[in-house]
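Each chain is listed here by its residues.
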Amino acid sequence: MSEKEAIDCEEGSSSSDRTKKEQALLCSAKLHIEEIRTQKFSIGKNQSFPLTQDLHFAVTNLSKQLYQKDSNFLMELILNADENEYKEGVEPTLEFVMTQKDITGTGAPATLLVFNNEVGFSRVNMESICSIGHSTKKDKRQQMLIGEKGSGFKSVFLVSSQPHIISNGYCVRFLEEPDQDCGTGYIVPHWVSGEPSLSSILDVYGLCNVLPTTTIVLPLKPEKVEAVRVQLSQLRPEILLFLSKLKQVHVRGCDPEAADDVSRFCKTSGTEQMESYKATSRVVQLSVKQRKGDSEELCKYYLWEEAFPVKPANRVGIRMNVQKWVITLAFPSRERMGKATSSVGIFACLPTEIVTNFPFLIQADFILNASRDCILLDNLWNLGILECIPSLFVDAFQSHSLHSSVDEPFEYLPAQASPIPEFNKVRESIRTRLQSLVIVPCQILKGTLSFMLPQDAVRVLPKFRDLVIGIRAKGNVLSGSSSSLLRRVLHPTLDLEKYNAVLKFLDVKCADDHWYTKCVQGLCNPTEDEMVIADSIISLLECIKFLMSSSLDDPLVRDFIKSIGKSRFLKTLNGYKTPEECVLFDPAWESILNRTDTPTIDVNFYGTEIFQYKNQLRDIGVKVDPLSVCSLLSRILTKLANQPHSCYTPDTTFITRIYSFLNKFDWRPEAPDESQFQVWIPDPPPGGWIMPQQCVLHVNHVRKYLFSSFFWLDELYAEELLPLFSSAFGVAENPSIHHYLKLWETWASSENLQVTLVECCSFWEYVIDNWNPKVEETLRQNLTKLPATKSTAEEIYLINRTEVFLADDLQLKKTFLSYDEAPLFVWFPTSNCLSSVPPRRLYDIYESLGVRKVSESFVCKPHSILLLEDLDKIDAQDGLIGRGLIKLILGFLAGPEVNMPLKERHNAACSVIKLSVYKLERPNQVIYRLMPSASTTVDVKKVKLVTWKKISHRLLIDNSGYRNGKSDPEFVTAFADELAQGLLVQARHYAAALSKLIQWGFLFDFNEKEVDFLLMRENLELPMEDKEFLNAAFLSSTELVCGKRSSMETEESGPSTAMPSCKKPRQ
């Protein structure tokens, strides 16, 4: 600096309000800035700028580190303040003041001022700011100074393009834009001689006339104003927790509308205590005041700190020479304050954005990313730190620092899983270590505190504690077994719902049924049944009464009640029983049941007070309601029925009383199963137990002799008890179809396979009287044999259902009556005076059971061989097969029942028209065959009066039948049947109706007038197509033309077959 400039500096500094010291500082600072500009940046010299390498470093470093997050600049300013030097006796304080005033004259819409009461900037500090990567905190890792980027202050350029520094005489600003003289920005200092003025800064500060030593003025970029305001509002008191020097942080506004917006964070540290050769602890209290007039919110943190040697494998980068990790855990003494960093769990002096879900904070020298908001989880250095945390936590947990109460240490267990796998490993390691330590406090009675392994402790119902205390208060001595169990009961301050996750984390289990059962037995001192005192049971019931009124849905309560129900501790008139075996006998039942009939609770032992606990006794399984007593009595009956009869003979009056009680309260089995209940039959003595299927309530006196092997309960018990046997035991009111089938099977298995007429009639009378689909299906499935008779004998045989036939055709039946080796036809009653079984009704039943009809089952086979000389062709006179017969046939086939298609019925008519009729001089013998079974064949010879040879178009008529003509009913029927069955081969069930119609036509010589009447009588009418066919087939009454018949054939065979009208004796 020239002499003139020095004089100007001195003159400019000679103000009345400045001391000589201030003037000297100002002058020295200004000279230093000029020195930096001239020597470092060659400003004012006529020579090239020598900082090419620095500039390159600045560009790359700033681009990577500065423009990450707006909030970085606040964290950097806080860190700088914590690492600054302070005079002794000064409480390090950092203040942020926001104003809308543009005190720098740069046109900024708002200004942030940062005040710090440090010792102030030194020459070294200023030279560091004017450099890149030359932090004053370099190589001070062991002193826990965390600056390592060399550009902390440069982060203010994120929000301000012209930051100002006023400290120890320095009054400079830095520009984001490159300097015109040297071509670089950020690090070139510019002396400020105008705005901001001291008065404008004091006006903003407003607290007193003396400013803190260092003031940083940040005229904010327009687009950053709101972001800065939000970031200031999000500052939390926990930023002070792990800082070494800074004690207070203030955030406020100076504008009228923001005058009440004040946040004041303070930290107070207690005396550090040595816990061991490697651990120290202290208490830090944080306070926060959010608005003027508000009271302070306080929270204490217990800090536990240990040093761990750095493993060689974990050393990296600039930490290569660091010898130890200093790790601190902070445990909030209560819920973290509202302005706390609510989810953050990892600190590197200042909070990161890592969320662990742990209820404690971790502070260590973690290596962070460029934004300082996250630790590097794949970094060996950081992984080494995480491996030390489980040991550190267990040491802190076992220390006395956290034990202000029994349960407080457990509030800090990491019960909730972390979203970050690396921290879940830390959590699991903590769990494993704790589960091997005797750390869980247990206590149920005062003065019995002990500690257990987590897996040995048990949780119990809160009311169970009351029960134990109540029993102990009554002077009862706890047994040795119960005392050992009770010593494991978790301390009541821990056995709470809010600790469910913590206890699950430690694997502390809830007491199970077995545990409760043993405890209850111990509480009642059941070493000998006689020693169970009544007061203990009343105390137990009183506890259950309270439990069930408040915690009915609690699964632990239900398990507890269940366990009590299985303990044998209730005194009854029959000895000690479990609650599930006992009855609280209602005096109102004495008119039906004796007290000694059931395991009745001994009221004389417990006193009538026991009736006040009816609901509680029900809860533990005692039978107090009539239906539950019924259930117990039914089990007693089952037990008696299953006992060997030689060992015990039941008392009939006792069983009758039980039946009366069950009937009185309309008892039904919960899961009906008739096979498990038997009926006591007292007569004949000594009595016995019988299955319900062998009993009936009533029997018809007419059929009573049929069921001599059954027991009739109306003769053994009073009428009022009979409904019980029916509804609860399944005893039939009267003999059922199954009873009758049982009888039928007995008869069918007899040696002669016979039944009497009375037996058979009785069976079928019952079937007909009770016929329904169910009975039908039952018979179809079970009735394998049916009654059948021979031709002349009166005996009734029971024959396999598949080997007998329904005689639906009496002519056929007559034909087969000559076979007398075995019955072929099912039985029908022959006299109404001997039986009330209607034959027609019985016929329908047989048919529904699938009995074969004889008409559909026989087979006709030729027996004699007819020679040509046996055939005598009939001359064509009055036509046997003429127009009337064909008209009758066509009318029936076209009717609504058969409804044969036109072409088919014309073909059928032609097959009859084409017939040549021959009379036989020698009888045509055939064999009628039935096959009752695969191994049995019944053949009967018979003369066949009419035979239709379809292949040769011949109709063979027995000579005697032909001579007799219509005066012979047998011949007429044979003629009609043969034609009807031949025409309706595919519809045999219509053949009988057509046969009857033909028989009527035969009687009237098939005269067309009578044929028309017969058709009209049957509501049949010839369609027009059939009339045309008939007219074409019969050109005149004596001429027949149809199909392929030629004139030669007509001549040969004649126009029709003559119909005899006189009766001659049949040969």
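Residues numbered from 1 in each chain as written. Predicted model: local features only at pLDDT ≥ 70, side-chain atom pairs only at ≥ 80, totals over all residues. Heavy atoms only, no water.

Some words on the environment of Y277
Then, number 1: For Y277, the location among the structural elements is in the loop between β9 (273-274) and β10 (279-291).
Then, number 2: Of the residues examined, Y277 reaches a relative accessible area of 76% and is grouped as exposed.
Then, number 3: Each C-alpha atom of the pair Y277 and E306 lies 9.2 Å from the other, and the pair is 29 residues apart in sequence. (Helix = DSSP H or I, 4+ residues; strand = E, 2+ residues; numbered from the N terminus. Buried < 20%, exposed > 50% of the residue type's maximum accessible area, 1.4 Å probe, protein only.)

Topic: the sheet that holds strand β34 (residues 916-920)
Then, number 1: Spatially, the four strands line up as an open sheet ordered β33-β34-β38-β37, and their pairing is mixed. Looking along the sheet, the strands with just one partner apiece sit at the ends: β33 (871-873) and β37 (946-949). Between one strand and the next, the sheet's axes are offset by a mean angle of 30 degrees, whatever the strand orientation.
Then, number 2: Pairing analysis gives three bridges linking β33 to β34, with the strands arranged antiparallel. Bridge assignment links L871 to a residue of β34, and that residue is L920.
Then, number 3: With respect to the sheet, helix α30 (residues 969-983) is in contact with β37 and β38 (954-958), its orientation differing from that of β37 by roughly 25 degrees. (Pairing = 2+ DSSP bridges. Axes fitted to C-alpha atoms, helices over the stretch in contact; angles between N-to-C directions. Contact = heavy atoms within 4.5 Å.)

Notes on the pattern of salt bridges
Then, number 1: Per the counting criterion, the structure on display carries 33 salt bridges.
Then, number 2: Its salt-bridge partner being K101, residue D203 comes within 2.7 Å of it at the nearest N-O pair. One end of the pair, D203, is in helix α6 (residues 198-205); the other, K101, is in the loop between β1 (93-99) and β2 (111-116), and 102 residues separate them in sequence.
Then, number 3: For K101, a relative accessible area of 34% gives the class partly exposed. (Salt bridge = Lys/Arg side-chain N within 4 Å of Asp/Glu carboxyl O.)

Overview of the sheet that holds strand β32 (residues 859-862)
Then, number 1: The strand order across the open sheet formed by three strands is β32-β35-β36, and the pairing between neighbours is antiparallel. One side of each edge strand has no neighbouring strand; the edge strands of this open sheet are β32 and β36 (936-943). The average undirected angle you get between the axes of adjacent strands in this sheet is 30 degrees.
Then, number 2: Pairing geometry for strand β35 (residues 925-933) and β36, over seven bridges, is antiparallel. Bridge pairing links V926 to K942 in β36.

Considering a negative patch on the surface
Then, number 1: On the surface, D714, E719, E720 and E733 cluster together into a negatively charged patch.
Then, number 2: With respect to the helices and strands, E720 occurs in the loop between β25 (711-712) and α20 (722-727). (Patch = residues over 30% accessible without salt bridge, like charges linked within 9 Å, V, L, I, M, F, W, Y side chains within 5 Å. Areas by Shrake-Rupley, 256 points an atom, 1.4 Å probe, with all protein chains shown as cover. Lys, Arg positive; Asp, Glu negative; His and termini not counted. Charge placed at Lys NZ, Arg CZ, Asp CG, Glu CD.)

Focus on helix α4 (residues 72-83)
Then, number 1: The end-to-end C-alpha distance of α4, which contains 12 residues, comes to 17 Å, matching closely the 16 Å that a straight helix rising 1.5 Å per residue would cover.
Then, number 2: Of all the 12 residues making up α4, 12 are buried; the element is thus mostly covered by neighbouring parts of the structure.
Then, number 3: For α4, the complete set of buried residues consists of N72, F73, L74, M75, E76, L77, I78, L79, N80, A81, D82 and E83. (Expected span 1.5 Å × (residues − 1).)

Focus on the nonpolar core
Then, number 1: Counting 65 residues, the largest nonpolar core has I78, F96 and L112 as the members making the most contacts within it.
Then, number 2: Excluding anything up to four places from it in sequence, I78 contacts L94, F96, L235, I239, L243, L246 and L350.
Then, number 3: One finds F331, W381, I385 and I389 within the second-largest nonpolar core, a separate group that totals 56 residues. (Core = buried A, V, L, I, M, F, W, Y, C linked by side-chain atoms within 4.5 Å.)

Quick notes on the packing of aromatic side chains
Then, number 1: Evaluation of the coordinates by the stated rule reveals 42 aromatic pairs.
Then, number 2: Plain terms: the ring middles of Y659 and Y717 are 5.7 Å apart, the flat faces sit at 80 degrees to each other, and that makes the pair edge-to-face. Linking Y659 in helix α19 (residues 652-664) with Y717 in the loop between β25 and α20, this pair joins segments that are 58 residues apart in sequence.
Then, number 3: Under the relative-accessibility criterion, Y659 is labelled buried at 0%.
Then, number 4: Centre to centre, the rings of Y740 and F763 are 6.4 Å apart; their planes meet at 65 degrees, and the pair counts as edge-to-face. Taken together, the positions of Y740 in helix α21 (residues 737-748) and F763 in helix α22 (residues 757-769) put the pair 23 residues apart, joining distant regions of the chain.
Then, number 5: The class for Y740 is buried, based on a relative accessible area of 2%.
Then, number 6: Judged by its relative accessible area of 0%, F763 is buried. (Phe/Tyr/Trp six-rings, centres within 6.5 Å; stacked < 30°, edge-to-face > 60°.)

Note that all results are geometric; they support no functional claim without further evidence.
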